[in-house]
Amino acid sequence: MAQWGSGQTTRYLVLLAQEHLEFRLPEIKSLVSLCGVKFCREEELALNSPFWILNLPSEELAKRVMKRTVCAKSIFELWGHGKSVEELCCSLKTYSVDKMAPYLQSNSTYKIRVHAFNKTLTQEEKVQKIDFLEFLPFKGKVNLKNPDHIFWLLEDYGMNPNKIPEKPLNLYFGRWIANGQRDLIESYSVKRRHFIGNTSMDACLAFIMANHGKIKPNDVVFDPFVGTGGLLIASAHFGAYVCGTDIDYSTIHGLGKPSRKNQKWRQPDENIRANLRQYGLEKHYLDVLVSDASKPIWRKGMQFDGIITDPPYGIREASRRIGSPKEMAKVTGKSTENHVSNPSAYHLSDILFDLLKFAAEYLVIGGRLVYWLPVYKPEYTEEIIPRHPCLKLISNCEQTLSSHTSRHLITMEKVKEFEDEDRDSCILDSQYLLYKSHNSFREKYFSGVTKRIAKEEKDSQK
Ligand SMILES: C[S@@+](CC[C@H](N)C(=O)[O-])C[C@H]1O[C@@H](n2cnc3c(N)ncnc32)[C@H](O)[C@@H]1O
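Residues numbered from 1 in each chain as written. Predicted model: local features only at pLDDT ≥ 70, side-chain atom pairs only at ≥ 80, totals over all residues. Heavy atoms only, no water.

Participant: Looking at this structure, I do not really get a nonpolar patch on the surface. What am I missing?
Facilitator: Residues V85, F132 and F135 make up a contiguous nonpolar surface patch of about 240 Å² in total accessible area. Relative to the helices and strands, F135 is located in the loop between α5 (123–132) and β5 (141–142). (Patch = residues over 30% accessible without salt bridge, like charges linked within 9 Å, V, L, I, M, F, W, Y side chains within 5 Å. Areas by Shrake-Rupley, 256 points an atom, 1.4 Å probe, with all protein chains shown as cover. Salt bridge = Lys/Arg side-chain N within 4 Å of Asp/Glu carboxyl O. Helix = DSSP H or I, 4+ residues; strand = E, 2+ residues; numbered from the N terminus.)

Next up, the structure:
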(Lines give C-alpha, C1' and ligand atoms only; values in the text may rest on other atoms or scores of the structure.)
Protein backbone atom coordinates (compact mmCIF):
# COMPACT_ATOMS: atom_id res chain seq x y z
CA MET A 1 0.00 0.00 0.00
CA ALA A 2 1.43 3.38 -1.03
CA GLN A 3 2.48 5.86 1.68
CA TRP A 4 3.50 9.47 1.29
CA GLY A 5 5.53 11.94 3.31
CA SER A 6 4.20 15.31 4.37
CA GLY A 7 6.18 17.04 1.57
CA GLN A 8 4.23 15.33 -1.18
CA THR A 9 0.72 15.98 0.09
CA THR A 10 -1.85 18.64 -0.54
CA ARG A 11 -4.31 19.74 2.12
CA TYR A 12 -7.95 19.15 1.38
CA LEU A 13 -11.05 20.23 3.23
CA VAL A 14 -13.89 17.74 3.37
CA LEU A 15 -17.40 19.08 3.98
CA LEU A 16 -19.19 16.23 5.73
CA ALA A 17 -22.94 15.66 5.97
CA GLN A 18 -24.44 16.13 9.45
CA GLU A 19 -25.95 12.64 9.50
CA HIS A 20 -24.61 9.35 10.87
CA LEU A 21 -21.75 11.32 12.43
CA GLU A 22 -19.77 8.37 13.79
CA PHE A 23 -19.75 6.59 10.45
CA ARG A 24 -18.14 9.40 8.48
CA LEU A 25 -14.43 9.06 9.24
CA PRO A 26 -14.31 5.27 9.01
CA GLU A 27 -16.07 5.62 5.63
CA ILE A 28 -13.52 8.09 4.24
CA LYS A 29 -10.61 6.10 5.70
CA SER A 30 -11.93 2.89 4.14
CA LEU A 31 -12.28 4.61 0.78
CA VAL A 32 -8.76 6.05 0.90
CA SER A 33 -7.49 2.59 1.77
CA LEU A 34 -9.59 1.10 -1.08
CA CYS A 35 -7.61 3.37 -3.41
CA GLY A 36 -4.47 1.63 -2.15
CA VAL A 37 -3.26 4.50 0.01
CA LYS A 38 -2.56 4.47 3.76
CA PHE A 39 -3.45 7.40 5.99
CA CYS A 40 -0.33 9.20 7.18
CA ARG A 41 -1.58 12.26 8.94
CA GLU A 42 -4.99 13.66 9.54
CA GLU A 43 -6.16 16.66 11.40
CA GLU A 44 -8.32 16.06 14.44
CA LEU A 45 -11.98 16.37 13.56
CA ALA A 46 -13.74 18.48 16.17
CA LEU A 47 -16.48 16.26 17.54
CA ASN A 48 -19.53 16.36 15.24
CA SER A 49 -18.11 19.14 13.06
CA PRO A 50 -18.88 19.01 9.33
CA PHE A 51 -15.36 20.28 8.48
CA TRP A 52 -12.40 17.94 8.27
CA ILE A 53 -8.93 18.76 6.96
CA LEU A 54 -6.91 15.89 5.58
CA ASN A 55 -3.76 15.42 3.55
CA LEU A 56 -3.95 13.45 0.35
CA PRO A 57 -1.25 12.68 -2.21
CA SER A 58 -3.25 13.73 -5.27
CA GLU A 59 -6.37 15.39 -6.59
CA GLU A 60 -7.11 12.20 -8.49
CA LEU A 61 -7.37 10.32 -5.17
CA ALA A 62 -9.66 13.01 -3.75
CA LYS A 63 -11.94 12.58 -6.77
CA ARG A 64 -11.95 8.79 -6.46
CA VAL A 65 -12.99 9.00 -2.80
CA MET A 66 -15.81 11.41 -3.70
CA LYS A 67 -17.06 9.02 -6.38
CA ARG A 68 -17.93 6.64 -3.53
CA THR A 69 -18.70 8.54 -0.35
CA VAL A 70 -22.25 9.13 0.88
CA CYS A 71 -21.02 10.74 4.12
CA ALA A 72 -19.23 13.68 2.50
CA LYS A 73 -20.89 16.43 0.52
CA SER A 74 -17.84 17.99 -1.17
CA ILE A 75 -14.07 18.20 -1.13
CA PHE A 76 -11.92 21.32 -1.68
CA GLU A 77 -8.24 21.94 -2.23
CA LEU A 78 -7.62 24.04 0.88
CA TRP A 79 -5.86 27.32 0.13
CA GLY A 80 -6.18 28.85 3.57
CA HIS A 81 -7.92 28.71 6.91
CA GLY A 82 -8.03 30.57 10.19
CA LYS A 83 -10.02 31.40 13.27
CA SER A 84 -10.69 34.96 12.14
CA VAL A 85 -10.83 36.86 8.85
CA GLU A 86 -7.33 38.20 9.59
CA GLU A 87 -5.96 34.70 10.16
CA LEU A 88 -7.60 33.46 6.96
CA CYS A 89 -6.01 36.35 5.01
CA CYS A 90 -2.54 35.59 6.44
CA SER A 91 -2.99 31.93 5.64
CA LEU A 92 -4.07 32.68 2.04
CA LYS A 93 -1.13 35.04 1.56
CA THR A 94 1.28 32.26 2.48
CA TYR A 95 -0.30 29.71 0.10
CA SER A 96 2.01 28.84 -2.80
CA VAL A 97 1.43 31.22 -5.73
CA ASP A 98 2.57 28.44 -8.09
CA LYS A 99 -0.23 26.21 -6.82
CA MET A 100 -2.82 28.99 -7.23
CA ALA A 101 -1.69 30.30 -10.61
CA PRO A 102 -3.20 27.63 -12.94
CA TYR A 103 -6.68 28.47 -11.62
CA LEU A 104 -6.42 32.25 -11.74
CA GLN A 105 -5.39 32.66 -15.40
CA SER A 106 -6.79 35.54 -17.46
CA ASN A 107 -8.23 33.12 -20.02
CA SER A 108 -10.28 31.24 -17.41
CA THR A 109 -13.57 32.00 -15.69
CA TYR A 110 -14.46 31.58 -12.03
CA LYS A 111 -17.08 32.02 -9.36
CA ILE A 112 -16.93 32.26 -5.55
CA ARG A 113 -19.57 30.67 -3.32
CA VAL A 114 -20.12 31.40 0.35
CA HIS A 115 -21.31 28.63 2.66
CA ALA A 116 -22.10 29.23 6.33
CA PHE A 117 -22.64 26.37 8.76
CA ASN A 118 -25.15 27.07 11.56
CA LYS A 119 -26.02 30.54 10.25
CA THR A 120 -28.09 31.95 7.40
CA LEU A 121 -26.37 34.80 5.57
CA THR A 122 -28.18 37.37 3.44
CA GLN A 123 -27.16 37.80 -0.19
CA GLU A 124 -25.73 41.18 0.76
CA GLU A 125 -23.56 39.68 3.50
CA LYS A 126 -22.33 37.03 1.06
CA VAL A 127 -21.38 39.66 -1.53
CA GLN A 128 -19.47 41.64 1.12
CA LYS A 129 -17.51 38.55 2.05
CA ILE A 130 -16.71 37.85 -1.61
CA ASP A 131 -15.56 41.44 -2.12
CA PHE A 132 -13.22 41.04 0.81
CA LEU A 133 -11.36 38.31 -1.11
CA GLU A 134 -10.39 40.78 -3.84
CA PHE A 135 -6.78 40.76 -2.66
CA LEU A 136 -6.40 37.29 -4.24
CA PRO A 137 -4.76 37.62 -7.69
CA PHE A 138 -7.81 36.56 -9.78
CA LYS A 139 -7.09 37.44 -13.43
CA GLY A 140 -9.98 35.65 -15.12
CA LYS A 141 -13.58 36.78 -15.59
CA VAL A 142 -16.47 35.99 -13.29
CA ASN A 143 -18.98 33.54 -14.77
CA LEU A 144 -21.83 32.60 -12.46
CA LYS A 145 -23.47 30.05 -14.76
CA ASN A 146 -20.67 27.89 -16.11
CA PRO A 147 -17.32 28.82 -14.58
CA ASP A 148 -14.08 26.89 -15.20
CA HIS A 149 -13.22 27.04 -11.49
CA ILE A 150 -15.37 27.38 -8.38
CA PHE A 151 -13.95 28.70 -5.12
CA TRP A 152 -15.70 28.39 -1.78
CA LEU A 153 -15.49 30.48 1.35
CA LEU A 154 -16.77 28.27 4.16
CA GLU A 155 -17.62 29.70 7.55
CA ASP A 156 -18.18 27.65 10.67
CA TYR A 157 -20.48 29.18 13.30
CA GLY A 158 -20.17 26.26 15.73
CA MET A 159 -22.54 23.52 16.75
CA ASN A 160 -25.03 25.31 18.96
CA PRO A 161 -28.11 26.60 17.09
CA ASN A 162 -29.24 28.42 20.24
CA LYS A 163 -25.99 30.29 20.64
CA ILE A 164 -24.80 31.38 17.21
CA PRO A 165 -21.72 33.63 17.49
CA GLU A 166 -21.65 36.90 15.57
CA LYS A 167 -18.38 36.02 13.88
CA PRO A 168 -17.42 32.59 12.56
CA LEU A 169 -15.27 30.34 14.74
CA ASN A 170 -13.40 28.98 11.73
CA LEU A 171 -13.04 30.12 8.13
CA TYR A 172 -11.83 28.12 5.15
CA PHE A 173 -11.14 29.05 1.54
CA GLY A 174 -10.49 26.53 -1.20
CA ARG A 175 -10.98 25.34 -4.73
CA TRP A 176 -13.90 22.99 -5.26
CA ILE A 177 -12.78 19.59 -6.51
CA ALA A 178 -15.80 17.25 -6.45
CA ASN A 179 -19.08 16.40 -4.76
CA GLY A 180 -19.84 13.12 -2.97
CA GLN A 181 -22.64 10.70 -3.80
CA ARG A 182 -25.38 12.03 -1.50
CA ASP A 183 -27.83 11.85 -4.44
CA LEU A 184 -27.77 8.06 -4.16
CA ILE A 185 -29.69 8.29 -0.89
CA GLU A 186 -32.71 9.69 -2.73
CA SER A 187 -32.40 7.72 -5.95
CA TYR A 188 -32.19 4.40 -4.04
CA SER A 189 -34.75 5.36 -1.39
CA VAL A 190 -36.60 2.39 0.07
CA LYS A 191 -39.83 4.39 -0.34
CA ARG A 192 -39.79 3.82 -4.08
CA ARG A 193 -38.22 0.36 -4.05
CA HIS A 194 -40.10 -2.43 -5.78
CA PHE A 195 -39.70 -5.14 -3.12
CA ILE A 196 -39.36 -4.17 0.54
CA GLY A 197 -39.95 -5.76 3.93
CA ASN A 198 -40.18 -4.63 7.56
CA THR A 199 -36.42 -4.61 7.98
CA SER A 200 -35.24 -3.39 4.56
CA MET A 201 -32.05 -1.45 5.14
CA ASP A 202 -32.14 2.31 4.69
CA ALA A 203 -30.32 3.27 1.47
CA CYS A 204 -27.78 5.63 3.08
CA LEU A 205 -26.72 3.02 5.66
CA ALA A 206 -26.52 0.31 2.98
CA PHE A 207 -24.07 2.48 1.00
CA ILE A 208 -22.09 3.26 4.15
CA MET A 209 -21.83 -0.47 4.86
CA ALA A 210 -20.59 -1.21 1.33
CA ASN A 211 -18.01 1.58 1.71
CA HIS A 212 -16.84 0.35 5.14
CA GLY A 213 -16.58 -3.07 3.45
CA LYS A 214 -14.35 -1.62 0.68
CA ILE A 215 -16.53 -3.29 -1.95
CA LYS A 216 -15.13 -2.83 -5.45
CA PRO A 217 -16.03 -3.79 -9.03
CA ASN A 218 -16.05 -7.55 -9.73
CA ASP A 219 -16.02 -8.49 -6.03
CA VAL A 220 -18.30 -11.33 -4.96
CA VAL A 221 -20.35 -10.16 -1.99
CA PHE A 222 -22.49 -12.36 0.23
CA ASP A 223 -25.27 -11.54 2.68
CA PRO A 224 -26.18 -14.61 4.79
CA PHE A 225 -29.31 -12.84 6.18
CA VAL A 226 -30.34 -11.29 2.90
CA GLY A 227 -34.03 -10.41 3.59
CA THR A 228 -35.19 -8.18 0.71
CA GLY A 229 -31.60 -7.69 -0.46
CA GLY A 230 -31.16 -4.05 0.58
CA LEU A 231 -27.45 -4.61 1.19
CA LEU A 232 -26.90 -6.44 -2.08
CA ILE A 233 -28.19 -3.41 -3.97
CA ALA A 234 -25.53 -1.07 -2.56
CA SER A 235 -22.73 -3.55 -3.28
CA ALA A 236 -24.04 -4.15 -6.81
CA HIS A 237 -24.14 -0.38 -7.41
CA PHE A 238 -20.40 -0.35 -6.69
CA GLY A 239 -19.87 -3.09 -9.29
CA ALA A 240 -19.88 -6.26 -7.15
CA TYR A 241 -21.61 -9.54 -8.02
CA VAL A 242 -24.02 -10.34 -5.22
CA CYS A 243 -25.66 -13.35 -3.61
CA GLY A 244 -27.41 -14.16 -0.36
CA THR A 245 -29.33 -16.61 1.75
CA ASP A 246 -32.32 -16.33 4.04
CA ILE A 247 -34.09 -18.91 6.12
CA ASP A 248 -37.46 -17.48 5.14
CA TYR A 249 -38.90 -19.13 2.02
CA SER A 250 -41.55 -16.40 1.62
CA THR A 251 -38.99 -13.61 1.69
CA ILE A 252 -36.74 -15.26 -0.87
CA HIS A 253 -39.71 -15.94 -3.15
CA GLY A 254 -41.42 -12.60 -2.53
CA LEU A 255 -44.56 -14.23 -1.14
CA GLY A 256 -46.77 -13.36 1.80
CA LYS A 257 -48.10 -10.07 3.05
CA PRO A 258 -46.51 -6.90 1.70
CA SER A 259 -45.04 -4.35 4.13
CA ARG A 260 -46.53 -1.35 2.33
CA LYS A 261 -49.68 0.19 3.70
CA ASN A 262 -52.68 -0.01 1.38
CA GLN A 263 -51.30 -3.01 -0.51
CA LYS A 264 -53.03 -6.34 0.01
CA TRP A 265 -50.87 -8.79 -1.92
CA ARG A 266 -47.36 -8.81 -3.25
CA GLN A 267 -46.96 -8.41 -7.03
CA PRO A 268 -45.81 -11.57 -8.86
CA ASP A 269 -42.34 -10.11 -9.50
CA GLU A 270 -41.64 -8.68 -6.04
CA ASN A 271 -38.23 -10.18 -5.37
CA ILE A 272 -34.56 -9.30 -5.05
CA ARG A 273 -33.77 -9.82 -8.74
CA ALA A 274 -36.53 -7.34 -9.64
CA ASN A 275 -35.05 -4.83 -7.15
CA LEU A 276 -31.68 -5.04 -8.87
CA ARG A 277 -33.40 -4.72 -12.26
CA GLN A 278 -35.14 -1.56 -11.01
CA TYR A 279 -31.71 0.08 -10.69
CA GLY A 280 -30.22 -1.41 -13.88
CA LEU A 281 -28.07 -3.80 -11.83
CA GLU A 282 -29.54 -7.17 -12.80
CA LYS A 283 -26.30 -8.37 -14.37
CA HIS A 284 -24.73 -8.18 -10.89
CA TYR A 285 -27.24 -10.66 -9.46
CA LEU A 286 -25.79 -14.12 -8.86
CA ASP A 287 -28.61 -15.74 -6.85
CA VAL A 288 -30.36 -15.97 -3.52
CA LEU A 289 -31.15 -19.23 -1.77
CA VAL A 290 -33.34 -20.43 1.06
CA SER A 291 -30.79 -21.58 3.59
CA ASP A 292 -30.00 -21.48 7.30
CA ALA A 293 -26.93 -19.40 8.15
CA SER A 294 -26.16 -21.72 11.06
CA LYS A 295 -25.52 -24.51 8.54
CA PRO A 296 -23.36 -23.06 5.76
CA ILE A 297 -23.90 -24.67 2.38
CA TRP A 298 -20.68 -23.59 0.72
CA ARG A 299 -17.99 -25.92 -0.57
CA LYS A 300 -14.64 -25.72 1.21
CA GLY A 301 -12.39 -23.29 -0.63
CA MET A 302 -15.25 -21.00 -1.69
CA GLN A 303 -14.18 -17.39 -1.03
CA PHE A 304 -16.09 -14.12 -0.82
CA ASP A 305 -14.55 -10.66 -1.19
CA GLY A 306 -17.01 -9.18 1.29
CA ILE A 307 -19.72 -10.24 3.72
CA ILE A 308 -22.14 -7.40 4.38
CA THR A 309 -25.09 -8.29 6.55
CA ASP A 310 -27.76 -7.33 9.06
CA PRO A 311 -28.42 -10.37 11.26
CA PRO A 312 -31.81 -10.80 12.94
CA TYR A 313 -32.07 -9.46 16.50
CA GLY A 314 -35.55 -10.84 16.94
CA ILE A 315 -37.18 -7.38 17.19
CA ARG A 316 -38.95 -7.03 13.85
CA GLU A 317 -37.96 -10.33 12.29
CA ALA A 318 -37.61 -13.92 13.43
CA SER A 319 -34.18 -15.24 14.36
CA ARG A 320 -34.35 -18.96 13.99
CA ARG A 321 -32.57 -21.94 12.61
CA ILE A 322 -33.40 -25.38 11.40
CA GLY A 323 -33.83 -27.81 14.26
CA SER A 324 -31.95 -31.08 14.06
CA PRO A 325 -33.79 -33.76 11.98
CA LYS A 326 -34.07 -35.88 15.13
CA GLU A 327 -35.56 -32.97 17.06
CA MET A 328 -37.93 -32.17 14.21
CA ALA A 329 -39.04 -35.77 13.80
CA LYS A 330 -39.83 -35.81 17.54
CA VAL A 331 -42.08 -32.81 17.13
CA THR A 332 -43.72 -33.64 13.80
CA GLY A 333 -43.48 -37.42 13.80
CA LYS A 334 -42.24 -37.09 10.17
CA SER A 335 -38.88 -37.01 8.49
CA THR A 336 -38.02 -33.48 7.38
CA GLU A 337 -36.34 -33.13 4.04
CA ASN A 338 -38.01 -29.90 2.97
CA HIS A 339 -36.95 -26.32 3.66
CA VAL A 340 -37.19 -24.77 7.06
CA SER A 341 -40.30 -26.38 8.39
CA ASN A 342 -39.42 -26.58 12.05
CA PRO A 343 -37.19 -23.75 13.07
CA SER A 344 -35.78 -23.62 16.57
CA ALA A 345 -34.51 -20.50 18.38
CA TYR A 346 -31.25 -19.10 17.03
CA HIS A 347 -29.73 -17.08 19.86
CA LEU A 348 -27.88 -13.90 19.07
CA SER A 349 -24.73 -15.28 20.73
CA ASP A 350 -24.79 -18.23 18.31
CA ILE A 351 -25.58 -16.01 15.33
CA LEU A 352 -22.52 -13.88 16.12
CA PHE A 353 -20.31 -16.90 16.82
CA ASP A 354 -21.33 -18.55 13.52
CA LEU A 355 -21.03 -15.32 11.54
CA LEU A 356 -17.46 -14.62 12.66
CA LYS A 357 -16.43 -18.22 12.13
CA PHE A 358 -17.99 -18.18 8.66
CA ALA A 359 -16.28 -14.89 7.74
CA ALA A 360 -12.93 -16.17 9.07
CA GLU A 361 -13.19 -19.23 6.85
CA TYR A 362 -14.86 -17.90 3.70
CA LEU A 363 -13.46 -14.37 3.27
CA VAL A 364 -10.42 -13.69 1.11
CA ILE A 365 -7.45 -12.23 2.99
CA GLY A 366 -8.12 -8.48 3.16
CA GLY A 367 -11.86 -9.10 2.68
CA ARG A 368 -14.19 -7.39 5.14
CA LEU A 369 -17.12 -8.47 7.28
CA VAL A 370 -19.53 -5.60 8.01
CA TYR A 371 -22.49 -6.29 10.29
CA TRP A 372 -24.80 -4.74 12.87
CA LEU A 373 -24.48 -5.65 16.53
CA PRO A 374 -27.44 -4.73 18.77
CA VAL A 375 -26.43 -3.33 22.13
CA TYR A 376 -28.19 -2.67 25.42
CA LYS A 377 -26.47 0.61 26.28
CA PRO A 378 -26.28 0.37 30.09
CA GLU A 379 -24.29 -2.86 29.76
CA TYR A 380 -22.09 -1.90 26.82
CA THR A 381 -18.33 -2.29 27.06
CA GLU A 382 -15.86 -2.79 24.20
CA GLU A 383 -15.30 -6.37 25.38
CA ILE A 384 -18.70 -7.47 24.17
CA ILE A 385 -17.62 -6.95 20.56
CA PRO A 386 -17.08 -10.46 19.24
CA ARG A 387 -13.50 -11.26 18.15
CA HIS A 388 -11.81 -13.92 16.07
CA PRO A 389 -8.07 -14.52 15.66
CA CYS A 390 -8.39 -14.28 11.84
CA LEU A 391 -10.34 -10.99 11.93
CA LYS A 392 -9.04 -7.54 12.87
CA LEU A 393 -11.52 -4.99 14.19
CA ILE A 394 -11.38 -1.96 11.86
CA SER A 395 -14.20 0.23 13.14
CA ASN A 396 -17.12 0.25 15.55
CA CYS A 397 -19.74 2.96 14.97
CA GLU A 398 -22.81 3.42 17.13
CA GLN A 399 -26.28 4.30 15.89
CA THR A 400 -28.65 5.13 18.72
CA LEU A 401 -32.03 3.42 18.54
CA SER A 402 -33.53 4.56 21.84
CA SER A 403 -32.37 5.95 25.17
CA HIS A 404 -31.24 2.49 26.24
CA THR A 405 -30.54 0.61 23.00
CA SER A 406 -28.33 1.11 20.00
CA ARG A 407 -26.78 -0.89 17.23
CA HIS A 408 -23.12 -0.84 16.35
CA LEU A 409 -21.82 -1.18 12.82
CA ILE A 410 -18.84 -3.50 13.18
CA THR A 411 -16.24 -3.73 10.43
CA MET A 412 -13.61 -6.48 10.55
CA GLU A 413 -10.91 -7.44 8.08
CA LYS A 414 -9.52 -10.91 7.52
CA VAL A 415 -5.83 -10.73 8.31
CA LYS A 416 -4.84 -14.38 8.76
CA GLU A 417 -5.57 -17.58 6.87
CA PHE A 418 -8.16 -19.78 8.53
CA GLU A 419 -6.76 -23.02 9.88
CA ASP A 420 -8.58 -25.97 11.34
CA GLU A 421 -7.55 -24.96 14.85
CA ASP A 422 -9.47 -21.67 14.33
CA ARG A 423 -12.71 -23.56 13.79
CA ASP A 424 -13.75 -23.75 17.44
CA SER A 425 -10.88 -22.17 19.30
CA CYS A 426 -12.05 -18.71 18.31
CA ILE A 427 -13.72 -17.71 21.51
CA LEU A 428 -12.40 -17.83 25.05
CA ASP A 429 -14.75 -19.09 27.73
CA SER A 430 -14.92 -15.64 29.29
CA GLN A 431 -15.88 -14.13 25.95
CA TYR A 432 -18.50 -16.77 25.34
CA LEU A 433 -20.16 -15.63 28.55
CA LEU A 434 -20.11 -12.09 27.21
CA TYR A 435 -21.61 -13.37 23.95
CA LYS A 436 -24.37 -14.97 25.96
CA SER A 437 -25.24 -11.58 27.40
CA HIS A 438 -26.36 -10.55 23.87
CA ASN A 439 -29.15 -13.09 24.05
CA SER A 440 -31.29 -11.03 26.37
CA PHE A 441 -31.25 -8.02 23.98
CA ARG A 442 -34.82 -8.71 22.87
CA GLU A 443 -36.18 -8.77 26.44
CA LYS A 444 -34.20 -5.68 27.38
CA TYR A 445 -35.36 -3.88 24.23
CA PHE A 446 -38.98 -4.56 24.96
CA SER A 447 -38.72 -3.95 28.70
CA GLY A 448 -37.25 -0.54 27.90
CA VAL A 449 -39.94 0.21 25.33
CA THR A 450 -42.61 -0.85 27.78
CA LYS A 451 -41.13 1.34 30.50
CA ARG A 452 -40.89 4.29 28.12
CA ILE A 453 -44.50 3.93 26.98
CA ALA A 454 -45.61 3.67 30.63
CA LYS A 455 -43.62 6.83 31.45
CA GLU A 456 -45.02 8.70 28.45
CA GLU A 457 -48.54 7.70 29.45
CA LYS A 458 -47.88 8.81 33.04
CA ASP A 459 -46.40 12.14 31.85
CA SER A 460 -49.37 12.79 29.56
CA GLN A 461 -51.76 12.29 32.50
CA LYS A 462 -49.99 14.93 34.57
C1 LIG B 1 -32.66 -7.81 9.64
S2 LIG B 1 -33.29 -8.88 8.43
C3 LIG B 1 -32.31 -8.49 7.02
C4 LIG B 1 -32.87 -7.35 6.24
C5 LIG B 1 -32.13 -7.09 4.96
N6 LIG B 1 -30.85 -6.46 5.21
C7 LIG B 1 -32.97 -6.21 4.01
O8 LIG B 1 -32.48 -5.14 3.56
O9 LIG B 1 -34.11 -6.58 3.73
C10 LIG B 1 -32.70 -10.43 8.94
C11 LIG B 1 -33.09 -11.60 8.04
O12 LIG B 1 -32.51 -12.77 8.59
C13 LIG B 1 -33.34 -13.86 8.29
N14 LIG B 1 -32.96 -15.00 9.16
C15 LIG B 1 -33.33 -15.26 10.46
N16 LIG B 1 -32.73 -16.39 10.90
C17 LIG B 1 -31.95 -16.83 9.87
C18 LIG B 1 -31.09 -17.96 9.70
N19 LIG B 1 -30.91 -18.84 10.67
N20 LIG B 1 -30.45 -18.12 8.51
C21 LIG B 1 -30.64 -17.22 7.49
N22 LIG B 1 -31.47 -16.17 7.59
C23 LIG B 1 -32.10 -15.96 8.75
C24 LIG B 1 -34.76 -13.31 8.52
O25 LIG B 1 -35.70 -14.09 7.80
C26 LIG B 1 -34.61 -11.89 7.98
O27 LIG B 1 -35.02 -11.80 6.64
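Alright, that's what it looks like, and here's the rest.
Participant: I would appreciate a short explanation of empty space enclosed by the protein in the present structure.
Facilitator: To find leftover empty space, one rolls a probe the size of a water molecule over the atoms. One pass over the full model with this rule turns up 2 cavities of 30 Å³ or more. Forming the walls of the largest cavity are 16 residues, and the residues nearest its centre are F222, P224, A293, P296 and F358. Sorting elements by how many residues they give to the lining of the largest cavity places helix α12 (residues 348–362) first, with 4 residues. Broken down by class, the residue content of the lining of the largest cavity amounts to 11 nonpolar, 2 polar and 3 charged. (1 Å grid on protein atoms, 1.4 Å probe; cavity = no way out; pocket = protein on both sides within 12 Å on 5 of 7 lines; lining within 4 Å. Points joined across faces, edges and corners; volume = space filled by probe spheres on them. Nonpolar A, V, L, I, M, F, W, Y, C, P; charged D, E, K, R; others polar.)

Participant: Sorry if this is basic, but what is going on with unusual backbone geometry here?
Facilitator: Positive phi, normally seen in glycine, also occurs at H20, with a value near 45°. When you line up the elements, H20 lands in the loop between β1 (10–16) and α1 (24–34). Note on H20: relative accessible area 17%, which makes it buried. Notably, N118 is not glycine yet its phi reads approximately 75°, a positive angle. On the secondary structure map, N118 appears in the loop between β4 (109–117) and α5. (Buried < 20%, exposed > 50% of the residue type's maximum accessible area, 1.4 Å probe, protein only.)

Participant: What am I meant to see in the pairing of strand β16 (residues 405–414) here?
Facilitator: When a strand is regular, its side chains alternate between the sheet's two faces. The buried count for β16 comes to 10 of 10 residues, which makes it a mostly enclosed element. Side chains T405, R407, L409, T411 and E413 project from β16 onto one buried face, and the interleaved S406, H408, I410, M412 and K414 project onto a second face that is buried too. Two strands pair when backbone bridges link them, and strand β14 (residues 363–376) and β16 are joined in this way by 9 bridges, in the antiparallel orientation. The residue of β16 that forms the bridge with L373 is H408. Of the pairings in the sheet, the one linking strand β15 (residues 391–400) to β16 comprises 9 bridges and is antiparallel in character. (Pairing = 2+ DSSP bridges.)

Participant: Please explain the packing of helix α7 (residues 203–212) against helix α8 (residues 230–237) as it appears in this structure.
Facilitator: Interaxial distance between α7 and α8 falls to 8 Å at its minimum, and their mutual angle equals 55°. As summarised for this structure, α7 and α8 are arranged oblique, according to the angle between their axes. Here the hand of the crossing between α7 and α8 comes out right-handed. Taking contact as the criterion, the partners of A206, F207, M209 and A210 in α7 are, on α8, G230, L231, A234, S235 and H237. (Axes fitted to C-alpha atoms, helices over the stretch in contact; angles between N-to-C directions. Parallel < 35°, antiparallel > 145°, perpendicular 65-115°, else oblique. Left-handed = near helix turned anticlockwise from the far one by under 90°. Contact = heavy atoms within 4.5 Å.)

Participant: Mind showing me how you'd approach the sheet that holds β15 here?
Facilitator: Through backbone hydrogen bonds, the strands of a sheet pair up, either in parallel or in antiparallel fashion. On the basis of which strands lie adjacent, the open sheet formed by 7 strands has the order β10-β9-β8-β11-β14-β16-β15 and mixed pairing. Sheet topology places β10 (285–290) and β15 at the edges, where each strand pairs with a single neighbour. Averaged over neighbouring strand pairs, the angle between their axes works out to 15° when direction is ignored. Where α8 meets the sheet, it contacts β8 (220–223), β9 (241–246), β10 and β11 (304–309), and its direction lies at approximately 170° from that of β9.

Participant: Would you explain the nonpolar core in this entry?
Facilitator: Where a protein is soluble and globular, its nonpolar side chains tend to be buried together. Counting 40 residues, the largest nonpolar core has Y188, I208, M209, I272, L276 and W372 as its most contacted members. For this core, the secondary structure elements donating two or more residues are α6 (183–187), α7, α8, α10 (272–278), β10 and β14. By residue number, the principal contributor to this core is α7, which donates 8 residues. Split by domain, this core shows at least three residues from each of two domains, domain 1 (6–181) and domain 2 (185–446). Ignoring sequence-local partners within four residues, the contact set of M209 consists of M201, L231, I308, T309, V370, W372 and L409. (Core = buried A, V, L, I, M, F, W, Y, C linked by side-chain atoms within 4.5 Å. Domains from an automatic or database assignment.)

Participant: How do you make sense of the side chain of N211 when you look at a structure like this?
Facilitator: Among the secondary structure elements, N211 is positioned in helix α7. In this structure the side chain of N211 is engaged in a polar contact, spanning 2.8 Å, whose partner is the backbone oxygen of R68. The residues contacting N211, other than those within four sequence positions of it, are E27, S30, L31, R68, T69, V70 and F238. (Polar contact = N/O pair within 3.5 Å; in protein donor to acceptor, adjacent residues only side chain to side chain.)

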